[in-house]
Each structure stands twice: as C-alpha cells, then as structure tokens.
Amino acid sequence: MDAKSVPEPSINLGILALGAFGAVGVLKRQQKRLALVSAGRVVDAQLSHNNS
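Summarised in this report is the structure supplied together with it. Keep in mind that this is a model prediction, so the values were computed, not measured. (Residues numbered from 1 in each chain as written. Predicted model: local features only at pLDDT ≥ 70, side-chain atom pairs only at ≥ 80, totals over all residues. Heavy atoms only, no water.)

### Comments concerning the overall build of the protein chain
Then comes step 1: Of the regular secondary structure elements, the protein chain holds 1 helix and 0 strands.
Then comes step 2: Against the compact-globule benchmark of 10 Å for 52 residues, the protein chain has a radius of gyration of 24 Å, which places it well outside the compact range.
Then comes step 3: Overall size of the protein chain, expressed as C-alpha extent along the three principal axes, is 85 × 20 × 5 Å.
Then comes step 4: Counting over 52 residues, the protein chain shows a buried share of 0%.
Then comes step 5: Summing over all exposed atoms, the protein chain offers an accessible surface of approximately 5,200 Å²; the carbon and sulfur share of this is 65%. (Helix = DSSP H or I, 4+ residues; strand = E, 2+ residues; numbered from the N terminus. Rg over C-alpha atoms; globule rule 2.2 N^0.38 Å. Buried < 20%, exposed > 50% of the residue type's maximum accessible area, 1.4 Å probe, protein only. Areas by Shrake-Rupley, 256 points an atom, 1.4 Å probe, with all protein chains shown as cover.)

Here's what the structure looks like:
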C-alpha cells in the first residue's frame, strides 16, 4: 500500500487567520466603546433636561 502524504497547511494561512481574529477583536472593542460613549451622552442629556 502506498502511503499518501498530506500537505501541511501553509504558514501564510495561519498568519491570515490570526490577523482576521485580531481585526474582529479590535472592531468589537471599538463598537463596545462607542456604545458606552453614546449611552453616556443619552444619560447626560436626560440629566441636563431634568435639571432645567
């Protein structure tokens, strides 16, 4: 029986996957930060409206 060789995955594919995971992480952090900033603005607006 002939042993068939299985090609190893390219290192470029691994680097690409790590870059994609990193980019997703950065985008999620930015989205969360923007949500907190806009929520804070809503609270500030409500407080200033109630104090008027």
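### Topic: the environment of Gln31
Then comes step 1: Residue position: Gln31 is located in helix α1 (residues 11-51).
Then comes step 2: Each C-alpha atom of the pair Gln31 and Glu8 lies 36 Å from the other, and the pair is 23 residues apart in sequence.

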